[in-house]
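For reference, the chains in residue letters:
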Amino acid sequence: MASASIIDTPPVTDLMSKFDDLIAERQALIDTGVRDPFGIVMDEVRSPTMAIIKGKETILLGTYNYMGMTFDPDVIQAGKDALDKFGSGTNGSRMLNGTFRDHVAAEEALKEFYGTTSAMVFSTGYQANLGIIATIAGKGDYVILDADSHASIYDGCAMGNAEIVRFRHNSVEDLDKRLGRLPAEAPKLVVLEGVYSMLGDIAPLKEMVAVAKRHGCMVLVDEAHSMGFFGAHGRGVYEDQGLEGQVDFVIGTFSKSVGTVGGFCVSNHPKFEAVRMACRPYIFTASLPPSVVATAATSIRKLMCAHNKRQHLWENARALHGGLTAMGFKLGTATPESAIVAIILDDQTQAVAMWQALLEAGLYVNMARPPATPAGTYLLRCSLCAEHSPAQISAALAMFQAAGRAVGAIG
């Protein structure tokens, strides 16, 4: 009788081993005594600009709460009322049982805010880019995007299986050149951002949209970091540069100026409502809790007349940028272009050391590194709020000066 053959079983490959270098790098930082920059816990948040972190009162200068709407009494009350009336969640997608009164109210508020015929609310801003780009640009289509585009834009392109063409950051000339190489008859979508979140620089949208239209492209602009305080109505950089009527789709988020969570797309395209029936991230995701969209709708309507807040936000941005420039810091932009002010540092060691020094002094900012930033770029990113007081800006500048000198970033 023949003996049973022995089959060698190949060793199981650990799919998680690809993260070993990242784990080691993080542990090496922690072993030096540095707090984990990506493990901050807000023990208590007292206002749009103040929190308790590790038992210490801390000025918040990195939350994207641009217009300070998170503690607005009307916004909070709207959320409480909806929670009492509709409960804590929807338990369904927008295409099934997940559309409540306040989802419709939020979309109506968006249409009024932007002056558009259609608005579509998603559960996150990331999902808005993912869903819209993947749905309207698929196999055989082209998406032309800035090389520094947000991860959600890249992921939307990948999900839709469109051909991706990158152009150099904010280069009108390179955009024109790359569009000129594509088939004239092919459907094309140019994706731009009003404000780029890493350095806080704005796009030359007027010139870029003109190039895109000359090549027969549709245009999508992500205005996540400009909604509320750019343009006469706070609609974003595209409004500020006189491009209403020329941009086909505008993407935005509730998690910044609106002060809650969620994402959206607005458009005047006559066929836009069909996207609801084809967009997988919209169809197969539970809708936002009614309390969340109720706060969003109230906040959006209040932002329509928040002119004083807009003015104060810009005053704060100029004050912080000017103070840091005078101290000798290397900043992401030569002038304050947005509510984001980025301090560029030599390397990760210096960036982490300065981040920790600021946190221990009572100031929270964001630390950013590759792959979120361009290769070799390490920075501390500040996000101004309309509710920051002059005293808080002055205190923050004093902390920057002390921390910058301690790590050798300034003399």
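Residues numbered from 1 in each chain as written. Predicted model: local features only at pLDDT ≥ 70, side-chain atom pairs only at ≥ 80, totals over all residues. Heavy atoms only, no water.

Hey, could you go over the packing of helix α3 (residues 101-114) against helix α10 (residues 290-303) for me, with residue numbers and the actual values?
Closest axis-to-axis distance for the α3/α10 pair is 8 Å, and the angle between their directions is 20°. Between α3 and α10, the angle falls in the class roughly parallel. Between α3 and α10 lies a crossing of left-handed hand. On the side of α3, the interface is formed by Asp102, His103, Ala105, Ala106, Glu108, Ala109, Leu110, Glu112 and Phe113, while α10 contributes Pro290, Val293, Ala294, Ala297, Ile300, Arg301 and Leu303. Looking at the contact of α3 with α10 residue by residue, the classes come out as eleven nonpolar, one polar and four charged. (Axes fitted to C-alpha atoms, helices over the stretch in contact; angles between N-to-C directions. Helix = DSSP H or I, 4+ residues; strand = E, 2+ residues; numbered from the N terminus. Parallel < 35°, antiparallel > 145°, perpendicular 65-115°, else oblique. Left-handed = near helix turned anticlockwise from the far one by under 90°. Contact = heavy atoms within 4.5 Å. Nonpolar A, V, L, I, M, F, W, Y, C, P; charged D, E, K, R; others polar.)

Any details on a nonpolar patch on the surface? Residues and values, ideally.
On the surface, a nonpolar cluster with roughly 410 Å² of combined accessible area is contributed by Met16, Phe19, Leu22 and Ile23. Within the secondary structure layout, isoleucine 23 lies in helix α1 (residues 20-31). Residue classification places isoleucine 23 among the exposed positions, given a relative accessible area of 54%. (Patch = residues over 30% accessible without salt bridge, like charges linked within 9 Å, V, L, I, M, F, W, Y side chains within 5 Å. Areas by Shrake-Rupley, 256 points an atom, 1.4 Å probe, with all protein chains shown as cover. Salt bridge = Lys/Arg side-chain N within 4 Å of Asp/Glu carboxyl O. Buried < 20%, exposed > 50% of the residue type's maximum accessible area, 1.4 Å probe, protein only.)

Mind laying out the pattern of salt bridges, listing which residues take part and the relevant values?
Across all of its chains, the model carries 17 salt bridges by this definition. Of the charged contacts in the structure, one is a salt bridge between aspartate 74 and lysine 302, with a shortest N-O distance of 2.8 Å. Of this pair, aspartate 74 sits in helix α2 (residues 73-86) while lysine 302 sits in helix α10, and the two are 228 residues apart along the sequence. Given the relative accessible area of 45%, aspartate 74 is considered partly exposed. Accessibility expressed as a relative area gives 28% for lysine 302, which makes it partly exposed. Linking glutamate 108 and lysine 111 is a salt bridge whose minimum nitrogen-to-oxygen distance equals 2.9 Å. With glutamate 108 and lysine 111 both in helix α3 and three residues apart, the pair spans about one turn of that helix. On the accessibility criterion, glutamate 108 (38% relative accessible area) is partly exposed. Connected via shared salt-bridge partners are Arg94, Glu107, Glu273 and Arg276.

Give a description of the sheet that holds strand β1 (residues 44-47) that names residues and reports values.
Taking strand neighbours across the sheet as the criterion, the four strands line up as β1-β2-β3-β12 in an open arrangement whose pairing is mixed. The open sheet terminates on both sides in strands that have one partner only, identified here as β1 and β12 (363-364). Judged from the four bridges that link them, strand β2 (residues 50-53) and strand β3 (residues 56-60) form a sheet pairing that is antiparallel. Counted as the bridge partner of methionine 50 is isoleucine 59 from β3. (Pairing = 2+ DSSP bridges.)

Tell me about the nonpolar core, residues and numbers included.
Counting 96 residues, the largest nonpolar core has Leu324 and Phe400 as its most contacted members. When neighbours within four sequence positions are excluded, phenylalanine 400 is seen to be in contact with Leu61, Leu320, Leu324, Phe329, Ile343, Met354, Leu358, Leu363, Val365 and Cys382. Ala128, Ile132, Ile153 and Phe249 belong to the second largest nonpolar core, which has 22 residues in total. (Core = buried A, V, L, I, M, F, W, Y, C linked by side-chain atoms within 4.5 Å.)

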